[in-house]
Amino acid sequence: MNTALVIEDVRLTPILVSDPPLLNTQGVHQPYTPRLIVEVVTRGGTTGVGETYGDGAYLEPARSLAEALPGRAVTDLNGLFALAEEVCGGSHAAADDRVGAGGLRGVRNAEKIRLSVASAFEVACLDALGKALGLPVHALLGGKVRDTVEYSAYLFYRWAAHPGPGESDDWGAALDPAGVVAQARRFAGTYGFGSFKLKGGVFEPDREIAAIRALAEAFPGRPLRLDPNGAWSVPTSLYVADRLKDVLEYLEDPTSGTEGMAAVSAGTDVPLATNMCVTTLAEVPEAFARDAVRIVLSDHHYWGGLTRTRELAAICRTFGVGLSMHSNTHLGISLAAMTHVAATVPDLAYACDSHYPWQTEDVITERHTFTGGRLTVSDAPGLGVELDRDRLAALHRRWVEDDGTHRERDDAAAMRATDPDWTTPVVPRW
Ligand SMILES: O=C([O-])C(=O)C[C@H](O)[C@@H](O)C(=O)[O-]
Ligand SMILES: [Mg+2]
């Protein structure tokens, strides 16, 4: 073994990053949201970085893995996942939880949490290996098949400001079709995005139909998506699909569960996409057999990293199901990882999601820049990003000083600051 590639140390840094008051069916984003930054340091002196969800359920298995990893090589990615199974297996297993923030991204179980943790270590190992060899991460995944990756504008209904403390921005409120169109125009003008996804499930369906119609009028012929995070019944989903069938590229998770998604899919020609109904391998056979989804939105965190995202792509290809990328309040390390893996997937037919424009704080020295709605795939060694240690320390300090209010993402709790009676809505909501 090349001893320079042996892991000597692993550093974990939980942080809180500011987040605007973006609305979804469960409530509103908190002013600060947790992420976990993973650094893998080799004996050769190379440091690789990764990033994942940062709620408490992820920290405990991450600590177990960080303790067990030194002495192994950054090349041993299969061994990394076997080790994760050994050391994080039963730790802090959260049962199926469709009512927490995890409910916005499907089933929540110990395996998915473990994969979400291990994925950050995998990305960090690939970053370190790439830096050590002078190769970009995409080369370690077999090489890029495109030079740029397209992203879509991720539109949210939102308030102008958080009701309590929090960072401010100049986006203003977006609570009606005119507000959504204004937000989309700014996204298109600033970043060049050519397709638009609206986070729905916030208002009753007719109001959201009106917003999508307004977008279709403002951006004729552009791909549009609506994602209520499973908030609708099957009949409501079919009602919306019927009214928007001429303008939607796809409808994302209109209803919850494979059964419902299959029923909606059978009743409309609008393709259904998901980051909720199929988020684990165990869910693939039934969902694909029942034609419940046409597009899987992969999230490399919970699908278990970049290599496994490529495996998912092969499965989807085999069954004629499209693949794109889901996003969840992430920073520049994960955006770099998403871009590298997306660059290697041959049949990427849809613009990927990213929350990144909403995240004004980052832990890398140079922010990613979208041009024409695209990111250029980096050919620099590793992920092509550098950690900004001062920023990392400042965001960690915020995490340390937090009284616990923001260390767990809880959109319903954030909503209660405005509406004390708010509880996570039971689905179907409409
Ligand atoms: O496509 C999705 O469902 C998401 O991006 C999940 C997120 O949690 C989204 O709902 C959000 O940020 O509020
Ligand atoms: Mg979604």
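Definitions and limits used
Residues numbered from 1 in each chain as written. Chains lettered and ligands numbered in written order. Predicted model: local features only at pLDDT ≥ 70, side-chain atom pairs only at ≥ 80, totals over all residues. Heavy atoms only, no water. Near = heavy atom within 4 Å. Polar contact = N/O pair within 3.5 Å; in protein donor to acceptor, adjacent residues only side chain to side chain. Areas by Shrake-Rupley, 256 points an atom, 1.4 Å probe, with all protein chains shown as cover. Helix = DSSP H or I, 4+ residues; strand = E, 2+ residues; numbered from the N terminus. Nonpolar A, V, L, I, M, F, W, Y, C, P; charged D, E, K, R; others polar. Domains from an automatic or database assignment. Contact = heavy atoms within 4.5 Å. Buried area = accessible area lost by both parts, 1.4 Å probe. Salt bridge = Lys/Arg side-chain N within 4 Å of Asp/Glu carboxyl O.

Engineer: Please give an account of the site of ligand 1 that cites residues and values.
Structural biologist: Within the structure, ligand 1 sits among 16 residues, and Asn24, His29, Tyr154, Lys197 and His355 are positioned closest to it. Within the side chain of Asn24, an N or O atom sits 2.7 Å from an oxygen atom of ligand 1. The side chain of Tyr154 places a nitrogen or oxygen atom 2.5 Å from an oxygen atom of ligand 1. About the coverage of ligand 1: the protein hides 100% of its 330 Å² of free accessible area. Secondary-structure elements contributing two or more residues to the shell around ligand 1 are β7 (153-156) and β8 (196-199). Residue classes in the shell around ligand 1 are distributed as three nonpolar, eight polar and five charged. The two domains that each donate at least three residues to the shell around ligand 1 are domain 1 (3-135 + 388-401) and domain 2 (139-376).

Engineer: Quick one: what's the story with the domain arrangement of the chain, residue by residue and with numbers?
Structural biologist: We note that the domain assignment places domain 1 (3-135 + 388-401) and domain 2 (139-376) within the chain. The centre of domain 1, based on its C-alpha atoms, is set 23 Å off from the matching centre of domain 2. The interface of domain 1 with domain 2 comprises 47 residues on the first partner and 55 residues on the second. Counting each side, the surface lost to burial between domain 1 and domain 2 is near 4,000 Å², with a carbon and sulfur contribution of 62%. When the area that domain 1 buries against domain 2 is broken down by residue, the three leading residues are Pro21, Leu23 and Glu51, summing to 17%. The interface formed by domain 1 and domain 2 contains three salt bridges. Here Glu167 and Arg398 are joined by a salt bridge, their closest N and O atoms 3.7 Å apart. The dominant element in the side of domain 1 that touches domain 2, judged by the number of residues it contributes, is helix α3 (residues 110-133), at 10 residues. When the residues that make up the side of domain 1 that touches domain 2 are grouped by side-chain class, the tally is 25 nonpolar, 13 polar and nine charged.

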